[in-house]
Structures are given as C-alpha cells and as structure tokens.
Amino acid sequence: MPRVLLIEDDPAVREGVELGLRRRGHDVRAAATGEDGLAALAEFRPDLLLLDLMLPGMNGVQVCRQVRENSQLPIIMLTARGDDFDVVIGLEAGADDYIVKPARPEVIEARIRAVLRRMDDSGPGRPAIEVYGELTIDWVGLTVTKAGRPLSLAPSELRLLLHLSAAPEQVFSRQQLLENVWEHTFHADARLVDACVARLRGKIEPEAGSPRYVQTLRGFGYRFGPL
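In this report, we go over the structure that sits alongside the text. These numbers were taken from a predicted model, which means no experiment stands behind them. (Residues numbered from 1 in each chain as written. Predicted model: local features only at pLDDT ≥ 70, side-chain atom pairs only at ≥ 80, totals over all residues. Heavy atoms only, no water.)

Brief notes about helix α6 (residues 155–165)
Phase 1: Burial within α6 is extensive, with 11 of its 11 residues counted as buried.
Phase 2: Among all positions in α6, only Pro155, Ser156, Glu157, Leu158, Arg159, Leu160, Leu161, Leu162, His163, Leu164 and Ser165 are buried. (Buried < 20%, exposed > 50% of the residue type's maximum accessible area, 1.4 Å probe, protein only. Helix = DSSP H or I, 4+ residues; strand = E, 2+ residues; numbered from the N terminus.)

See the structure below:
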C-alpha cells in the first residue's frame, strides 16, 4: 500500500486520518508542522503527501511550493470549508487535488487511489512515442520532453496532458475532465482543471500566454491542438 505523509496541526484530525489510513493498510507518518513534515520527507520517502493548508509557522501553500521546487510527489490538500482563496493559491502552487474537512476515511482513500493511479494502457494502436512540434510524449515510460529536455510534471499535469493528447482537437468540458482525469464522479470544483491547465501550459507551451498545445474554447472547455 502507498506510504502517506500527513501534515496536519489539529490533533483530532491528525489522529483520525492517520488511524483511518492505517486501518486500510497504509504506512503513515504524521507531522504537526510544515517544518517537521519537510524534515520527514527525505527519511520517510512517501508516495503521497496529505497537506493541511492552515498550518502554524510555515503554512501549507509554502510547504507545497517548497516540495514542488525539486519533487513531483503527489499532493492532496486538506482544507476547511470556506478556504476558497487558499484553495486557489494551493492549486496554483502545485497541489494535485484537495479534500474539504471533515472527510470520511473512505473518501480520503478514494482520492489517494485516484491521484496515484497510473495510466497503464495507451489504447489500441497508439504509438509508444508521439511528437507534436517540440513536445514528445512517451506513453510507455510516461515521460514528456520539450525540445529534448525532460519535463517534470506533477501527476495531475501528466494525466491531463495524456488525456487531452489522446484525442487531438476533441473538446472536453471541465466536468468531463474532472470525471476522466481526477475521477470525480460528482459535480466538483472546476478550479482543479483551470489551475492544472495553467501549470501545464507554463511547462509545455512555447508561450504560456499564447497556447499552441492546450487550447481554450471559451464556453466549452479545452482541447489539444490543432497543431
């Protein structure tokens, strides 16, 4: 089972989440502050980070940004209801998803599985390597290069790119992307999609302000191409 690092300052929430994950077979390390959580990263080597936004001292957004400086570790933010402004900042900082507290253990488990799930089937007849201008997508190795330089994509960014590029010129609504990329089967927050698109464009586009690959069709959604 995946190893989970939980950074949460509320003792009741921390103990509840930790117990729920352990009962489901996860190896869990918990920390009460961002500083302690960052110190545990190298030693514990988690598969996923559950990160509270409202932390004393170094807050969750600062932790997220520091992790993203040299790691694409999957990150799920834990947020209280009404923290809309912080949610947006957290998504822009590189979080892959977020969960509103309090959340049932089965909900947290489902989100963890969704974020960690890898695309293990490139689809019938799909070439192992696809090239679009300076962008090269390796469907077997799940890697992306731009002008020969490897790109470090967070899990949500990679899944979004693979999903869009699997059907060039097809327009996907935000709700379709939430269901197919994030596996949210309910009406979820479209900010997940918009923030991820913005981060992905910043990495793959020749000019993020004039996207060539991930294009917006205002009022409809996003598409890959035309190229």
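Picking up where we left off.
What about the pairing of strand β10 (residues 214–217)?
Phase 1: Sheet topology places β10 next to strand β11 (residues 221–224); four bridges connect them, and they run antiparallel. Residue pairing across strands places glutamine 215 opposite arginine 223, the latter belonging to β11.
Phase 2: Counted along the chain from β10 to the antiparallel partner β11, the turn is three residues long, and its residue glycine 219 has a positive phi close to 90°. (Pairing = 2+ DSSP bridges.)

Quick word on the sheet that holds strand β7 (residues 135–138)
Phase 1: The four strands lie next to each other as β6-β7-β8-β9, forming an open sheet whose pairing is antiparallel. Each having just a single partner strand, β6 (129–132) and β9 (149–150) make up the two edges of the open sheet.
Phase 2: Relative to β9, strand β8 (residues 143–146) runs antiparallel, the two being bridged by two bridges. Pairing of lysine 146 across the sheet is with arginine 149, part of β9.
Phase 3: Each of β6, β7 and β8 is contacted by α6, which is oriented at about 95° to β7, the strand it contacts most. (Contact = heavy atoms within 4.5 Å. Axes fitted to C-alpha atoms, helices over the stretch in contact; angles between N-to-C directions.)

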